[in-house]
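Report on the structure
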Amino acid sequence: MQPRHTVNDAVSPLTARRTGPLCGRARVPGDKSISHRALILGALTVGETAITGLLEGEDVINTGRAMRALGATVERTGEGAWRVHGVGVAGFAEPRAALDFGNSGTGCRLVLGAVAGCPITATFDGDASLRSRPMRRVLDPLERIGARATLVAEGGRLPLTIAGARDPIPIVYEPPAASAQLKSAVLLAGLAAPGETVVIEGEATRDHTERMLRHFGADVRVEPVGAHGRRVTLKGQPELTPAAVTVPADPSSAAFPLVAALIVPGSDVILQGVMLNVLRTGLFATLREMGAVIEEIERRNEGGEDVADLRIRHAGLKGVEVPAPRAPSMIDEYPVLAVAAAFAAGTTRMRGLKELRVKESDRLVATADMLRVNGIDVEIEGDDLIVHGKGRAAGGGLVATHMDHRIAMSALVMGLASDKPVGIDDAAFIATSFPDFAGMMRRMGADLS
Ligand code: S3P
């Protein structure tokens, strides 16, 4: 039996029941991607970085613990307010024990990159979900940079031990998959290399690493490549200088109350300060094509990102085709989009979802199963997910969440508008990204118990 590493180690089933309209204003927690990067880049900076709005979810807390174990000082100074005293590029100290990333692929892969550029040896581990996810894809480019993976569990998985490069080599790298984690791992390792590290992506993925590196004073160039790609060039061995980080509200977390408001009749909800970085807003574009009205109130810039308050009211939706090139900009949103698609009239085909198979669970299968046990007609065809929406869901199913927070939240959202209640086997993993999810939804009127 693997350790679970959640806030609360007990399995906690939860059920969502059909409710009256969801109403009110709420702010979802800070963006998970930016929160991880703020802690990691803060730790690679000489001096002190103040962070506000940090997501205090288990995944990010584990990254903070890893930064401490590697020699940085990481302190909580108030709600969402943290201070990191960094050790400088390539300045990590060898940790005394294995670094435990719990459920988090992002924390693990980004820190692998940061450690790969330091002359230290460290062991990486995680929970049963993270132990099942591929790490070879990150180790390959990091070995080209000069790191060595000395012990790796079967199939290129955790636990693994990596010896960082003594003399890191700058590389030109084309990731085999559209993955911001892979790109970021290479850029973080490239910080310690002399000369230019280049990542060429065929499909642009979220650019928070590039933006934050610049914010901390690194020289990063980004050029378009082809129709959807980018070439990112980082000048190595910068002295990163401390800079305050304000973390905007996470669009991937906003997705859950947003879809809930769309499918629960009579709902009218405002979500405050949601980040609208175009590499993250594929879900909003798709829902608008399905007929949703997502009103942006007071679009503004906060901490270098566009944000707005989003007003969402219940609406009738129709099925659409979601093109494969859109996947990187909504990669974490397919489970909850599939729920919206179930409540739409007609078929929604989501194309090109191969990467969903290597998330916290095999999310392609977990999403299809979640819908199927609740009476929805759904198919997987190659890497496509096809949902035949009937404008309603029977519900009545118990959803297996497979240690996957996004399956858990999506299933609960579905239950708020289904004919019969929808149960999940375990709500504990919601704490990895959205600790107050149930509380926030209940304050809007949701029946979760
Ligand atoms: C993330 C990248 C995405 C996403 C994950 C967060 C990041 O994974 O699924 O939740 O912060 O870099 P990819 O590596 O597949 O892009």
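Let's talk about the site of the ligand
Lining the immediate environment of the ligand, one finds Ser 33, Arg 37, Thr 106, Ser 179, Ala 180, Gln 181, Arg 206, Ile 331, Asp 332 and Lys 359. Here an oxygen atom of the ligand and a side-chain polar atom of Ser 33 are 2.7 Å apart. One of the side-chain nitrogen or oxygen atoms of Ser 179 is found 2.6 Å away from an oxygen atom of the ligand. Bound to the protein, the ligand loses 95% of the 390 Å² it would expose on its own. Among the elements of the structure, helix H1 (32-43) and helix H6 (180-190) are those that each provide at least two residues to the shell around the ligand. For the shell around the ligand, the class distribution of residues is two nonpolar, four polar and four charged. Split by domain, the residues of the shell around the ligand number at least three in each of domain 1 (14-30 + 248-448) and domain 2 (32-234).

Quick look at unusual backbone geometry
The linkage connecting Leu 158 with the following residue, Pro 159, adopts the cis geometry, with an omega of -5 degrees. By the element assignment, Pro 159 lies in strand S9 (residues 157-163). Phi is positive for His 402, which is not a glycine, with a value near 55 degrees. In this structure, His 402 sits in the loop between strand S22 (398-399) and helix H12 (405-415).

Details of the nonpolar core
Counting 81 residues, the largest nonpolar core has Leu 271, Leu 287, Met 350, Leu 371 and Val 387 as the members making the most contacts within it. Ranked by residue count, the leading element in this core is helix H8 (residues 251-263), at nine residues. Ignoring sequence-local partners within four residues, the contact set of Met 350 consists of Val 322, Tyr 334, Leu 337, Ala 338, Ala 341, Asp 383, Asp 384, Leu 385 and Val 387. Of all hydrophobic cores here, the second largest spans 64 residues; its members include Ile 34, Val 74, Leu 158 and Ala 218.

Some thoughts on the sheet that holds strand S18 (residues 321-322)
Judged by pairing direction, the sheet is mixed, and its four strands sit side by side in the order S18-S19-S21-S20 without closing on themselves. Strands with a single pairing partner mark the edges of an open sheet, and in this sheet they are S18 and strand S20 (377-381). Summarising the sheet, S18 and strand S19 (residues 345-350) pair through two bridges and their orientation is parallel. Of the residues in S19, the one forming a bridge with Glu 321 is Arg 349. In this fold helix H10 (residues 334-342) packs onto S18, S19 and strand S21 (384-390), with an angle of close to 30 degrees to the strand it touches most, S21. Strand contacts of helix H11 (residues 363-372): S20 and S21, with the helix running at about 160 degrees to S20, the strand carrying the most contacts.

Quick word on the domain arrangement of the protein
Domains assigned within the protein are domain 1 (14-30 + 248-448) and domain 2 (32-234). Averaged C-alpha coordinates put domain 1 and domain 2 at centres separated by 28 Å. At the interface, 26 residues of domain 1 touch 28 residues of domain 2. At the boundary of domain 1 and domain 2, one finds four salt bridges. Residue Arg 206 is joined to Asp 332 by a salt bridge in which the shortest nitrogen-to-oxygen separation is 3.6 Å. Between the two partners, domain 1 and domain 2, sit 14 residue pairs in polar contact (both at pLDDT 80 or more).

Thoughts on H1
Taking 1.5 Å of rise per residue, the 12 residues of H1 would be expected to cover 16 Å, and the 17 Å separating its terminal C-alpha atoms lies within 8% of that figure. Most of H1 is tucked away, with 12 of its 12 residues classed as buried. Those residues of H1 that sit buried are Lys 32, Ser 33, Ile 34, Ser 35, His 36, Arg 37, Ala 38, Leu 39, Ile 40, Leu 41, Gly 42 and Ala 43. The opening residue of H1 is Asp 31, an N-cap whose side-chain oxygen sits 3.2 Å from the backbone nitrogen of Ser 33.

Here's the deal with helix H5 (residues 136-145)
Turning to H5, its buried residues are Val 138, Leu 139, Pro 141, Leu 142 and Ile 145. Buried residues along H5 sit in contact with helix H3 (105-116), strand S8 (148-153), S9, strand S10 (172-173) and H6. Within two residues after H5, Gly 146 carries a phi angle of roughly 125 degrees, on the positive side.

Some thoughts on the packing of H1 against H3
Interhelical geometry of H1 versus H3 gives an angle of 25 degrees and a closest axis separation of 10 Å. When the axes of H1 and H3 are compared, the pair comes out roughly parallel. Crossing handedness for the pair H1 and H3: right-handed. Note on element contacts: H3 touches H1 through Thr 106, Gly 107, Leu 110, Val 111 and Ala 114, opposite His 36, Arg 37 and Ile 40.

Brief notes about the packing of aromatic side chains
Between two aromatic rings, the relevant description is the distance of the centres plus the angle of the planes. Across all of its chains, the model carries three aromatic pairs by this definition. Consider the rings of Phe 101 and Phe 124, whose centres lie 5.4 Å apart with planes at 10 degrees: the pair is stacked. Placement of the pair is Phe 101 in the loop between strand S6 (99-100) and H3 and Phe 124 in strand S7 (residues 121-125), with a sequence separation of 23 residues. Exposure class is identical for Phe 101 and Phe 124. Each is buried.

Some words on the environment of Ala 72
On the secondary structure map, Ala 72 appears in the loop between helix H2 (58-69) and strand S4 (73-78). On the basis of relative accessibility, which here comes to 5%, the residue Ala 72 falls in the buried class. Taking C-alpha positions, Ala 72 is 8.3 Å from Leu 44, a pair spaced 28 residues apart along the chain. When residues no more than four places from it in sequence are discounted, the contact partners of Ala 72 are Ala 43, Met 67, His 85 and Val 87.

What counts as what
Residues numbered from 1 in each chain as written. Predicted model: local features only at pLDDT ≥ 70, side-chain atom pairs only at ≥ 80, totals over all residues. Heavy atoms only, no water. Near = heavy atom within 4 Å. Polar contact = N/O pair within 3.5 Å; in protein donor to acceptor, adjacent residues only side chain to side chain. Areas by Shrake-Rupley, 256 points an atom, 1.4 Å probe, with all protein chains shown as cover. Helix = DSSP H or I, 4+ residues; strand = E, 2+ residues; numbered from the N terminus. Nonpolar A, V, L, I, M, F, W, Y, C, P; charged D, E, K, R; others polar. Domains from an automatic or database assignment. Core = buried A, V, L, I, M, F, W, Y, C linked by side-chain atoms within 4.5 Å. Buried < 20%, exposed > 50% of the residue type's maximum accessible area, 1.4 Å probe, protein only. Contact = heavy atoms within 4.5 Å. Pairing = 2+ DSSP bridges. Axes fitted to C-alpha atoms, helices over the stretch in contact; angles between N-to-C directions. Salt bridge = Lys/Arg side-chain N within 4 Å of Asp/Glu carboxyl O. Expected span 1.5 Å × (residues − 1). Parallel < 35°, antiparallel > 145°, perpendicular 65-115°, else oblique. Left-handed = near helix turned anticlockwise from the far one by under 90°. Phe/Tyr/Trp six-rings, centres within 6.5 Å; stacked < 30°, edge-to-face > 60°.

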